Amino acid sequence: MTAQTPAPPRTAASGPSGRGPVDVRRRPAVWTGLWFVLPFLAFYLLFLLWPALVGLVYSFTDRSLAGGPVSFVGLDNWRESLTDPDMWDALWNTLWFTVLSVPLMVALALALALLTDHARRLGWFLRLSFFAPFVLPVAVMTLVWNWMYNPSLGLFNGVLGQLGLDGVEWLFSEDTAMLSVVVATAWWQVGFNYLLYLAAMQSIPKDVYEAAAIDGAGAWQRVGRITLPMLARTTALITVLQLIGSLRVFEQIYLMTSGGPNFATRTAIQYIYDSGFVGLRIGLASSMAYVFMALVVVASIAQFRLFARKEA
């Protein structure tokens, strides 16, 4: 009989079933990754999760920023939030801003992306022009547009005066204040949606367009039958992001109109801010914030399901 060579004995460094040594460097690598995540996790817990939990607790109390004893009030704050007519007016203003801004900013971003994609020689200039306003701070944006909307010295009324038309109280009339803020917001924020559309548009294979052109499809036919269908998922993403952003509108309205005139532009977040930091009722403001958050979540889920159903 032929003698068989005995298998090498397992060592502490051998893997399962004796398949070779284990790379002992893997374990430190895992801990290194955790150390990179730890700062973000700490900020997330400290500045997002912890305030959310504290706000939930406050929503069941009568806590006030003026101080004094705090007592448990149960669902009284939630009941007042749902029955407050001023809160519903603010929610209506928020919804009206969303209805005006979301279709405008989605359609405008798509049009600008199509223009940039076809104007190849001016592409760099158009990208710079369309995206530049997005990097401006909100204070700078509102300062510029407040000047242009100024009834006496503003650019818009100056142009109307040159045409022999009467000036408009852009930010001081209930009929035009919200629309004026929407236009300013679109100029400021459309650059982000524009970049998403442009990136998705430039990822479409050029062979598809060339084959359609050989088959006799014109420029508008290629846009309608190739570009738009292949941008469906990008459109869904932009619409949902813009919906959430519009529902959370606060800064530009607060700086441009302060919720006026006659509370015609006061949104839900501004009313929550006024209730908590002006009225000092932090418990009531916390319950309003959770009610508003629930509405935003429901609207986002409904939007996702709507686009998913259309895609299916």
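Residues numbered from 1 in each chain as written. Predicted model: local features only at pLDDT ≥ 70, side-chain atom pairs only at ≥ 80, totals over all residues. Heavy atoms only, no water.

1. What to know about the overall build of the protein chain
Part 1 of the argument: Of regular secondary structure, the protein chain possesses 13 helices and 0 strands.
Part 2 of the argument: The N-to-C order of helical and strand elements in the protein chain reads α-α-α-α-α-α-α-α-α-α-α-α-α.
Part 3 of the argument: For the protein chain, the proportion of its 312 residues judged to be buried stands at 34%.
Part 4 of the argument: For the protein chain, the accessible area works out to roughly 19,900 Å², and carbon and sulfur atoms hold 68% of it. (Helix = DSSP H or I, 4+ residues; strand = E, 2+ residues; numbered from the N terminus. Buried < 20%, exposed > 50% of the residue type's maximum accessible area, 1.4 Å probe, protein only. Areas by Shrake-Rupley, 256 points an atom, 1.4 Å probe, with all protein chains shown as cover.)

2. Quick look at the pattern of salt bridges
Part 1 of the argument: All chains considered together, the criterion is met by 2 salt bridges.
Part 2 of the argument: Notably, a salt bridge pairs Glu80 with Arg281, separated by 3.1 Å at the nearest N-O pair. With Glu80 in helix 2 (residues 76–83) and Arg281 in the loop between helix 12 (268–278) and helix 13 (282–311), the pair connects residues that are 201 residues apart, well separated along the chain.
Part 3 of the argument: Judged by relative accessible area, which is 38%, Arg281 ranks as partly exposed. (Salt bridge = Lys/Arg side-chain N within 4 Å of Asp/Glu carboxyl O.)

3. Focus on the UniProt feature "transmembrane region" (unreviewed entry) in the protein chain
Part 1 of the argument: Following the UniProt record, the feature "transmembrane region" (unreviewed entry) maps to residues 34–60, 95–116, 128–148, 177–197 and 288–308 here.
Part 2 of the argument: End C-alpha to end C-alpha, residues 34–60 measures 36 Å, and it is 93% helix and 0% strand.
Part 3 of the argument: Taken end to end, residues 128–148 has its terminal C-alpha atoms 22 Å apart, with 71% of it in helix and 0% in strand. (UniProt positions renumbered as here; feature names shortened; annotations may be inferred.)

4. A word on the nonpolar core
Part 1 of the argument: Leu110, Ala113, Tyr194, Tyr197, Met201 and Leu231 are the most contacted members of the largest nonpolar core, which has 22 residues in total.
Part 2 of the argument: Listing elements by their share of this core, those giving two or more residues are helix 3 (85–118), helix 4 (123–131), helix 7 (177–202), helix 8 (206–214) and helix 9 (219–230).
Part 3 of the argument: Ranked by residues supplied to this core, first place goes to helix 3 with 7 residues.
Part 4 of the argument: The residues contacting Leu110, other than those within four sequence positions of it, are Tyr197, Met201, Leu228 and Leu231.
Part 5 of the argument: In this structure, Trp145, Met178, Trp188 and Val249 belong to the second largest nonpolar core, which totals 14 residues. (Core = buried A, V, L, I, M, F, W, Y, C linked by side-chain atoms within 4.5 Å. Contact = heavy atoms within 4.5 Å.)

5. Structural notes on helix 9
Part 1 of the argument: Relative to the 16 Å expected for 12 residues at 1.5 Å per residue, helix 9 spans 16 Å between its end C-alpha atoms, a close match to the ideal helical length.
Part 2 of the argument: Val223, Ile226 and Thr227 are the residues of helix 9 that are buried. Mapping the buried residues of helix 9 onto a view down its axis gives an arc of 125°, with all of them on the same face.
Part 3 of the argument: Residues of helix 9 that are buried make contact with helix 3, helix 7 and helix 8. (Expected span 1.5 Å × (residues − 1). Arc of directions from axis to C-beta.)

6. A few points about the packing of aromatic side chains
Part 1 of the argument: Scanning the model with the defined rule gives 19 aromatic pairs in all.
Part 2 of the argument: Look at Phe60 and Phe72: their rings are 6.5 Å apart centre to centre, the planes differ by 25°, and that puts the pair in the stacked class. Taken together, the residues Phe60 in the loop between helix 1 (26–58) and helix 2 and Phe72 in the loop between helix 1 and helix 2 connect sequence positions 12 residues apart.
Part 3 of the argument: Residue classification places Phe60 among the partly exposed positions, given a relative accessible area of 25%.
Part 4 of the argument: Classification of Phe72 as exposed rests on a relative accessible area of 65%.
Part 5 of the argument: When the centroid spacing of 5.9 Å and the interplanar angle of 35° are considered together, the rings of Tyr149 and Trp170 count as tilted. With Tyr149 in the loop between helix 5 (138–148) and helix 6 (155–162) and Trp170 in the loop between helix 6 and helix 7, this residue pair connects regions lying 21 residues apart in the sequence.
Part 6 of the argument: In this structure, Arg266 is placed above the aromatic ring of Phe263, and the distance from its NZ or CZ to the ring centre is 4.1 Å. (Phe/Tyr/Trp six-rings, centres within 6.5 Å; stacked < 30°, edge-to-face > 60°. Lys NZ or Arg CZ within 6 Å of the ring centre and 35° of its normal.)

7. Observations regarding unusual backbone geometry
Part 1 of the argument: Residues Gly260 and Pro261 are joined by a peptide bond in cis, for which omega reads -5°.
Part 2 of the argument: Positionally, Pro261 belongs in the loop between helix 11 (251–256) and helix 12.
Part 3 of the argument: We note that Asn262 has phi near 55°; this positive angle belongs to a residue other than glycine.
Part 4 of the argument: Even without being a glycine, Leu280 presents a positive backbone phi close to 65°.
Part 5 of the argument: Taking relative accessible area as the criterion, Leu280 reaches 31% and is therefore assigned partly exposed.

8. Quick word on the environment of Arg225
Part 1 of the argument: Its place among the elements puts Arg225 in helix 9.
Part 2 of the argument: Taking relative accessible area as the criterion, Arg225 reaches 67% and is therefore assigned exposed.
Part 3 of the argument: Expressed as a C-alpha distance, the spacing of Arg225 and Ala212, which sit 13 residues apart in the sequence, is 9.5 Å.

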